[in-house]
Amino acid sequence: MPPRIPVASRRLLSSRPLSFTIVELQRRSASSSATTPEVYDVVCVGGGPAGLSLLTSLRASPVTSALKVALVEGQDLYKSRLRSDAPLDSFSNRCSSLTPASVRNLQEIGAWNHVNHARVQAYQEMQVWDGVSDARISFDWDSARPLLSPRKPTQPTTIAYMIENVNTTTALLSRLSELGGVDIFSASRVESIELGADTEQLDLSSWPIVTLSNGRTLAARLLVGADGANSPVRTFAGIASRGFDYNRHGVVASLKLEGPGWGGPNHKIAYQRFLPTGPIAMLPLPGDMATLVWSTTPERAATLKSLAPNDFVAMVNAGFRLSPTELEYLHTLPSGQEEEIAWREKHTRVDERSVPMRVASVQQGTVASFPLRMRHADTYTGERVALVGDAAHTIHPLAGQGLNQGQGDAASLAQTISEAVKSGQDIGSTLALESYNSDRYAENNTMLGVCDKLHRLYSTEAWPVVGLRSVGLRAVDAMGPLKGFLMGRAAGGS
Amino acid sequence: MSSLSLSRFTPTACRLAARSSRRAAPILYRHPNSSPSFRHHTTHSTPTSANSSVDPNEVSHFNALASSWWDPHGPSRLLHLMNPLRHDFISRCRASTASSSPPIRYLDIGCGGGIFAESAARLPTTASVTAIDPTPEVLRVAEAHKRRDPALMAPNKLTYLNKSIEELPVPSSPAEGYDVVSVFEVLEHVSAPGPFLERVMQQVRPGGWLVLSTIARTWTSWMVTNVVAEDVLGIVPKGTHEWSKYVNEGELKEWFGRQKGWGGGVGEMRVMGVVYVPGLGWKEVPGGEGWGNYFFGVRRDEV
């Protein structure tokens, strides 16, 4: 994802030798300035889903509601809210698949009620297949039950919920204003973060002091970096983030299909086809709408974005139907894909009910792309610093886990803070934060690793690998209980 | 001799071994807190200055530990990890009888670098914390660390005094005593627990609680604290513990049973055994008071 907050952190520049002098000078003058910072227990930089969820948890719990908390967000939070009368034939291109575990957490903190439910789509089935061999696996709770055992009425039917990110953030903001008690600095950029001074009265030399573009200075007992992949808070804390770029871009778009999908409005299906360049996924939205995430090379992403709407629509339909070789050729044409594809589809046998319903049109202005990265911070905590969401980890979107990991981080950090408050610990001390790091690091690392391996596994056309992975996929598909286990993990359960 | 005078339980050989190595650490650790004071006359206790019962050897030991007191990975790590259990235990004691309602006034004896004192001062139910320790160097560490938290700098919230218990004025009337008086990981550093506790008890108001934690004097605790923790694992600084000074829970119960006006009602004497499990942290273990670290709480009867 692109960085959410356009923060020009001076600390970021410090990796360039030439900037060093300037940085040092500014630090000195700032620490000698006479302005007294306002003291907060928690300052959260970044008003995305993870940061908002953390603050909502803290405000909603009686244990932590006495903490003095602030939110700093570079964008105007109120301008970017979802309107309650937003039309249902128009969706944001930034959607996420919320797991039942994430939804449960939003319910517990009282935010789920504030979601615009007409714009949320639950789905009950996933179809995943190999674009090279056509080996396929289908996920639904009914086929995942143990052999011969009857379906229990309590068994869940929903795998996950498709929701626009703006719907999630609007609900959290609305719940936060209902709870009150957060000092919100919206449309305020972080100008600098530096350590405080040791004066006669107080020793703030371990406290991060955040200076905002509006001139305010905030001293943070605990500074939370919910500030995205290029996190200035992480840079301030000197925490390295390691990983690599996949040399792939995710192309997103909001699409209108020819109908509500093959299962009708009450049985929605998510589709993902692994192509050698990356997976193409079609995820259901309410009505006839759907959202596209097509991971592909930067060159092909550029081609797709340059196409006329009719050619783009034809390419998406082809992405689920034609062979990798044909798709490669189609990306070399500057235009005219619609005709070319119509001719080729006549000569390709496709079981239409095994692929998503045809796309009828693409919503204007929603075709966009972002670079795919894998990043993991060395640690999530430091002295008076904690990282959540993309600031801590960036994941390949193929399993739709990014936003859910951020929600898990927020819930875990809120729990850690709550435990610390109960026993009178300083919530910014590394000791108090230890349990957050140990709770989340291994779990996120596993998910990052699995998604990375899946990406690599399906990036090849070498026949032995294709053969093995196809056998694997078919074997898993035949084994209900194993599928149930995999689905439980995907749903965020235990 | 009172049962709390340990010398008669201590084989001379053991005592000498413990002393010569001066390693101490509990299995669970004992707080390298300061030592309490109490002057006294057990046969083997180190002579102390005329007006204090503090053991000078203990003071110098804790002076040396002072700089690393707040290092979460330093020699006091086990104490930091134990701290939330202290609050659990106090809450449990106070919940077991009709205790005075918040805000609560605390006196922490042998506060060391202030691990417990700071945490108690941060609780929303706390009115004030007075914390004393005879070791000047750890008190300086405590004062310096307090300045790092504006919440602790509120007037009268947290007051450190470089005093031994004998130097602390006795409340002019019992009702002016403290709601909670804590003596954590101190008793095992005291050579004459009886007279020391008598001093401490004068600070508790009627209806208030005296809460302490220490280590049982058993072969297990000797093995774990003096040999394993200090020599083998090195997780506790050498010379922290002197096994002969450990007090058993049965001895405390019996001793308080004989004190008039203490622990008279049902549930007014409580105990909780705890054990440190590497990788898991401190865990409550029913019956653990018989062989390792334990908490002990006793309530002063209402008048």
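Residues numbered from 1 in each chain as written. Chains lettered and ligands numbered in written order. Predicted model: local features only at pLDDT ≥ 70, side-chain atom pairs only at ≥ 80, totals over all residues. Heavy atoms only, no water.

**Q** I would appreciate a short explanation of the sheet that holds strand β8 (residues 293–299) of chain B in the present structure.
**A** Across a sheet, strands are paired by hydrogen bonds formed along the backbone, either parallel or antiparallel in direction. Residues and elements named next belong to chain B. The mixed open sheet is built from 8 strands, whose spatial order is β3-β2-β1-β4-β5-β8-β6-β7. Two strands bound the open sheet, and with one partner strand each, they are β3 (158–161) and β7 (281–284). Pairs of neighbouring strands in the sheet enclose a mean axial angle of 20°, with direction left out of account. Bridge analysis of strand β1 (residues 104–109) against strand β2 (residues 126–132) gives 6 bridges, and the strand direction is parallel. Bridge pairing in β2 links isoleucine 104 to threonine 126. Across the face of the sheet, helix α3 (residues 77–96) comes into contact with β1, β4 (178–184), β5 (204–215), β6 (269–277), β7 and β8 while running at roughly 155° to β6. Of the strands in this sheet, β1, β2, β3 and β4 are in contact with helix α4 (residues 115–122), which crosses β2 at around 165°. (Pairing = 2+ DSSP bridges. Helix = DSSP H or I, 4+ residues; strand = E, 2+ residues; numbered from the N terminus. Axes fitted to C-alpha atoms, helices over the stretch in contact; angles between N-to-C directions. Contact = heavy atoms within 4.5 Å.)

**Q** Explain the sheet that holds strand β7 (residues 160–164) of chain A to me, please; I cannot follow it from the model alone.
**A** All names here are of chain A. On the basis of which strands lie adjacent, the open sheet formed by 3 strands has the order β3-β7-β4 and antiparallel pairing. In this open sheet, the two edge strands, each paired with only one partner strand, are β3 (95–98) and β4 (121–123). Adjacent strand axes in the sheet meet at a mean angle of 25° when their direction is disregarded. Bridge analysis of β3 against β7 gives 4 bridges, and the strand direction is antiparallel. Looking at β7, one finds that cysteine 95 is bridged to glutamate 164. Here helix α4 (residues 100–108) sits on the sheet in contact with β3 and β7, set at roughly 90° to β3. Sheet contacts for helix α5 (residues 165–179): β3 and β7; angle to β7, the most-contacted strand, approximately 85°.

**Q** How should the domain arrangement of chain A be read in this particular structure?
**A** Buried accessible area, meaning the area lost when the parts come together, often serves as the stated size of an interface. Residue and element names in this part refer to chain A. Taken domain by domain, chain A holds domain 1 (7–82 + 166–240 + 378–451) and domain 2 (117–164 + 245–371 + 464–490). Taken together, the 8 residues of domain 1 in the interface contact 10 residues of domain 2. Note on domain 1 versus domain 2: buried area summed over both sides is about 890 Å², and carbon and sulfur give 58% of it. Among the residues making up the side of domain 1 that touches domain 2, the classes are represented as 4 nonpolar, 4 polar and no charged. (Domains from an automatic or database assignment. Buried area = accessible area lost by both parts, 1.4 Å probe. Nonpolar A, V, L, I, M, F, W, Y, C, P; charged D, E, K, R; others polar.)

**Q** Sorry if this is basic, but what is going on with the interface of chain A and chain B here?
**A** Counting residues at the interface gives 22 residues for chain A, matched by 18 residues for chain B. Taken over both partners, the interface formed by chain A and chain B buries close to 1,400 Å², and the fraction arising from carbon and sulfur atoms is 50%. Among the residues of chain A in contact with chain B, Asp203(A), Ser423(A) and Leu431(A) are the three that bury the most area, contributing 31% of the side total. On inspection of chain A and its partner chain B, the count reaches 4 salt bridges. In this structure, Arg77(B) and Glu434(A) form a salt bridge, with 2.9 Å as the shortest nitrogen-oxygen distance. Applying the counting rule to chain A against chain B returns 8 residue pairs in polar contact (both at pLDDT 80 or more). Among the secondary structure elements, those contributing two or more residues to the side of chain A that touches chain B are α11 (402–422) and α12 (430–457) of chain A. In terms of residue count, α12(A) provides more of the side of chain A that touches chain B than any other element does, 3 residues in total. Along the lines of polarity and charge, the residues of the side of chain A that touches chain B split into 6 nonpolar, 7 polar and 9 charged. (Salt bridge = Lys/Arg side-chain N within 4 Å of Asp/Glu carboxyl O. Polar contact = N/O pair within 3.5 Å; in protein donor to acceptor, adjacent residues only side chain to side chain.)

**Q** Explain the packing of aromatic side chains here, please?
**A** Geometrically, a pair of aromatic rings is defined through the distance of the ring centres and the angle of the planes. For the coordinates displayed, the defined rule picks out 14 aromatic pairs over all chains. With centroids separated by 5.3 Å and ring planes inclined at 80°, the aromatic side chains of Phe244(A) and Tyr246(A) adopt a geometry described as edge-to-face. Clustering of aromatic rings is evident, with ring pairs tying together Phe89(B), Tyr106(B), Phe116(B), Phe184(B) and Phe295(B). The residue whose ring lies beneath Lys68(A) is Tyr40(A), and the NZ or CZ to ring-centre distance is 4.6 Å. Sitting above the plane of the Phe91(A) ring, Arg119(A) keeps its charged end 4.4 Å from the centroid. (Phe/Tyr/Trp six-rings, centres within 6.5 Å; stacked < 30°, edge-to-face > 60°. Lys NZ or Arg CZ within 6 Å of the ring centre and 35° of its normal.)

**Q** Teacher, can you tell me more about the confidence of the model for chain A here?
**A** Taken as a whole, chain A shows an average pLDDT of 86; of its residues, 80% reach a score of 70 or greater. In the model, residues 1–34 of chain A has pLDDT below 50 throughout and makes 40 contacts with residues more than four positions away in sequence or in other chains. (pLDDT = per-residue confidence, 0-100.)

**Q** Which parts of the structure should I look at to understand the packing of helix α8 (residues 309–319) of chain A against helix α10 (residues 337–346) of chain A?
**A** Two measures define how a pair of helices packs: the angle their axes make with one another and the distance between the axes. Residues and elements named next belong to chain A. Across the interface, α8 lies against α10 with an axial gap of 8 Å and an inter-helix angle of 30°. Considering their axes alone, α8 and α10 lie roughly parallel with respect to each other. In this structure, α8 crosses over α10, and the sense of that crossing is left-handed. Listed contacts from α10 to Asn310, Asp311, Ala314, Met315, Asn317 and Ala318 of α8 are Gln337, Glu338, Ile341 and Glu345. (Parallel < 35°, antiparallel > 145°, perpendicular 65-115°, else oblique. Left-handed = near helix turned anticlockwise from the far one by under 90°.)

**Q** What should I look at first to understand the UniProt feature "binding site: S-adenosyl-L-methionine" (unreviewed entry) in chain B in this one?
**A** All names here are of chain B. Here, UniProt's "binding site: S-adenosyl-L-methionine" (unreviewed entry) annotation points to Arg86, Gly110, Asp133 and Phe184. Considering the arrangement of structural elements, one finds glycine 110 in the loop between β1 and α4. Structurally, aspartate 133 is set in the loop between β2 and α5 (136–146). Given a relative accessible area of 0%, aspartate 133 falls into the buried group. (UniProt positions renumbered as here; feature names shortened; annotations may be inferred. Buried < 20%, exposed > 50% of the residue type's maximum accessible area, 1.4 Å probe, protein only.)

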